[in-house]
Amino acid sequence: MNKSAPGREPAVRAAGLTVVRGGARVIDGLDFTVPAGSVTGLLGPSGCGKTTLLRAIVGAQARVSGTVEVLGRPGGSPELRHRLGYVTQDPSVYRDLTVRQNLDYFAAVLGIPRPRRAAAVDGALTDVDLGAKADALTGALSGGQRSRVSLAVALLGTPELLVLDEPTVGLDPVLRRDLWNLFHRLADERGTTLLISSHVMDEADRCHRLLLMREGALLAQGSPAELREATGSATIEGAFLRLVDRAARPESAGREEPERRADREADAGNTGPEGDTAA
Ligand SMILES: Nc1ncnc2c1ncn2[C@@H]1O[C@H](COP(=O)(O)OP(=O)(O)OP(=O)(O)O)[C@@H](O)[C@H]1O
């Protein structure tokens, strides 16, 4: 199990978080937490606002209102720079440097003292299983390998919170599995909190906790088991669809947490996580 022990403050706590982009509210009053030491998935279809939300959390997004607290500090505080790692969708590494040169460069930028740099670089290369490519030109790597170089850069600073924007997109199933294993090792062995976005619902069961998002709003938050149980669905995709249907029903327009509501119409006989039997 992971180290999301009771008593640790949430790694992220947001209240009324709202972002306006291009004149539209693309994130609309979100309240949520990301437990410390958890692997939390941010799931939702393309364009629902996942990247914008991650940018708001790491302090890279303009026109944010409401509150977002990250590792106990206001989001965007300069002192968070060394405590969190953010990996964008497009790999942000230099193609004309080798993998090791990239990591050496970013280790220097991060202020890792020279005597510790080589060990930090080797450690990050091992973490992402790119040791064999250390001396390859980054521009000559596949897209998935380049993404792992970006991830290695983020790991150099041993961040307490790692924010990853669709890190497994386009990867083959073996690499995807290996990366998810790495994410869990980081949570289990180092107590790192990981917030990982994906539009692939079948990655949901790899997470301790999920934030399900659609059109700038949160449909639900909870563990995969809680969300499946609360909606009487066998899969997270099924749970997502049921939550979308419920949100569209006028009687469910209140503020009640969706995962705490029994699905009274669709799921006769189902018992929810709180023991409330559906009618
Ligand atoms: N630079 C921008 N200016 C104005 N609107 C933007 C800008 N970038 C994104 N948006 C809008 O904000 C909304 C959320 O986009 P965002 O990139 O956060 O979604 P996403 O869920 O991360 O999508 P994807 O999974 O495709 O990456 C979309 O409606 C998008 O059109």
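What counts, and where the lines are drawn
Residues numbered from 1 in each chain as written. Predicted model: local features only at pLDDT ≥ 70, side-chain atom pairs only at ≥ 80, totals over all residues. Heavy atoms only, no water. Helix = DSSP H or I, 4+ residues; strand = E, 2+ residues; numbered from the N terminus. Buried < 20%, exposed > 50% of the residue type's maximum accessible area, 1.4 Å probe, protein only. Contact = heavy atoms within 4.5 Å. Areas by Shrake-Rupley, 256 points an atom, 1.4 Å probe, with all protein chains shown as cover. Axes fitted to C-alpha atoms, helices over the stretch in contact; angles between N-to-C directions. Parallel < 35°, antiparallel > 145°, perpendicular 65-115°, else oblique. Left-handed = near helix turned anticlockwise from the far one by under 90°. Nonpolar A, V, L, I, M, F, W, Y, C, P; charged D, E, K, R; others polar. pLDDT = per-residue confidence, 0-100. Pairing = 2+ DSSP bridges. Right-handed = clockwise from strand over helix to strand, strands pointing away. Core = buried A, V, L, I, M, F, W, Y, C linked by side-chain atoms within 4.5 Å. Salt bridge = Lys/Arg side-chain N within 4 Å of Asp/Glu carboxyl O. Arc of directions from axis to C-beta.

Taking an unreviewed UniProt entry as the reference, the chain is identified by name as ABC transporter ATP-binding protein belonging to Streptomyces cheonanensis.

The next point concerns the overall build of the chain. Scanning the chain from terminus to terminus reveals 7 helices and 10 strands. Counting the 279 residues in the chain, one finds 47% classified as buried. Within the chain, counting contacts between residues at least 6 apart in sequence, those at least 24 apart form 65% of the total. Counting every atom, the chain has about 13,200 Å² of accessible surface; 50% of that belongs to carbon and sulfur.

Right, let's get into the packing of helix 3 (residues 114–127) against helix 4 (residues 143–156). Orientation of helix 3 relative to helix 4, taken along the N-to-C sense of each, is 135°, at an axis distance of 9 Å. The angle between helix 3 and helix 4 falls in the class oblique. The two elements helix 3 and helix 4 meet at a crossing, and its hand is right-handed. In this structure, helix 3 contributes Ala120, Val121, Ala124 and Asp127 to the contact, and helix 4 contributes Ala152, Leu155 and Leu156. Broken down by class, the residue content of the contact of helix 3 with helix 4 amounts to 6 nonpolar, no polar and 1 charged.

Fine structural detail should not be taken from predicted coordinates in areas where pLDDT scores are low. Residues with a pLDDT of 70 or more make up 87% of the chain, whose mean pLDDT is 87. The least confident element of the chain is helix 7 (residues 236–248), whose mean pLDDT is 91; the most confident is strand 1 (residues 12–21), at 98. Here residues 252–279 is a poorly scored stretch, pLDDT under 50, and it has 52 contacts once near neighbours within four places are set aside; other chains count.

The next subject is the packing of helix 2 (residues 99–109) against helix 4. Where helix 2 meets helix 4, the closest approach of the two axes is 10 Å, and the angle between their N-to-C directions is 30°. Taken together, the axes of helix 2 and helix 4 are roughly parallel relative to one another. Where helix 2 crosses over helix 4, the two elements pack in a sense that is right-handed. Packed against helix 2, whose contacting residues are Val99, Asn102, Leu103, Phe106 and Ala107, the element helix 4 presents Val149, Ala152, Val153 and Leu156 at the interface. Of the residues assigned to the contact of helix 2 with helix 4, the class counts are 8 nonpolar, 1 polar and no charged.

Let us now look at the pairing of strand 8 (residues 193–198). Two faces make up the sheet, and in a regular strand the side chains alternate between them. In terms of burial, strand 8 is a largely internal element, 6 of the 6 residues being buried. Residues Thr193, Leu195 and Ser197 line one face of strand 8 and the alternating positions Leu194, Ile196 and Ser198 line the opposite face, and both faces are buried. The pairing of strand 3 (residues 39–43) with strand 8 spans 5 bridges and is classified as parallel. Opposite Val39, over in strand 8, you have Leu194 as the bridge partner. Bridge count for strand 7 (residues 161–165) against strand 8 is 5 bridges, and the pairing is parallel. Bridge assignment links Leu164 to a residue of strand 8, and that residue is Ile196. Considered for its hand, the β-α-β crossover made up of strand 7, helix 5 (residues 173–190) and strand 8 is right-handed.

This part covers the nonpolar core. The biggest cluster of nonpolar side chains holds 47 residues, and the ones touching the most others in it are Leu151, Leu194 and Leu212. Not counting residues within four places of it along the chain, the set of residues in contact with Leu151 comprises Val87, Val128, Leu162, Leu164, Leu179, Leu182 and Phe183.

To continue, consider the pattern of salt bridges. Taken as a whole and assessed by the stated rule, the structure comprises 14 salt bridges. Notably, a salt bridge pairs Glu79 with Arg73, separated by 2.7 Å at the nearest N-O pair. We classify Glu79 as partly exposed; its relative accessible area is 38%. The partner of Arg228 in a salt bridge is Asp205, with the nearest N and O atoms 2.5 Å apart. Taken together, the positions of Arg228 in helix 6 (residues 224–231) and Asp205 in the loop between strand 8 and strand 9 (209–214) put the pair 23 residues apart, joining distant regions of the chain. According to the relative accessible area criterion, Arg228 is partly exposed, its value standing at 21%. Counted as one network, the salt bridges with shared partners bring together Glu9, Arg13 and Glu69.

An α-helix turns once every 3.6 residues. As a result, residues three or four positions apart point the same way. Those residues of helix 2 not exposed but buried are Val99, Asn102, Leu103, Phe106 and Ala107. The arc that holds the buried residues of helix 2, viewed along the axis, is 130°, so those residues lie on one side. Summarising the contacts, the buried residues of helix 2 are in contact with helix 3 and helix 4. Positive phi shows up at Gly111, right after helix 2, with a value of about 85°.

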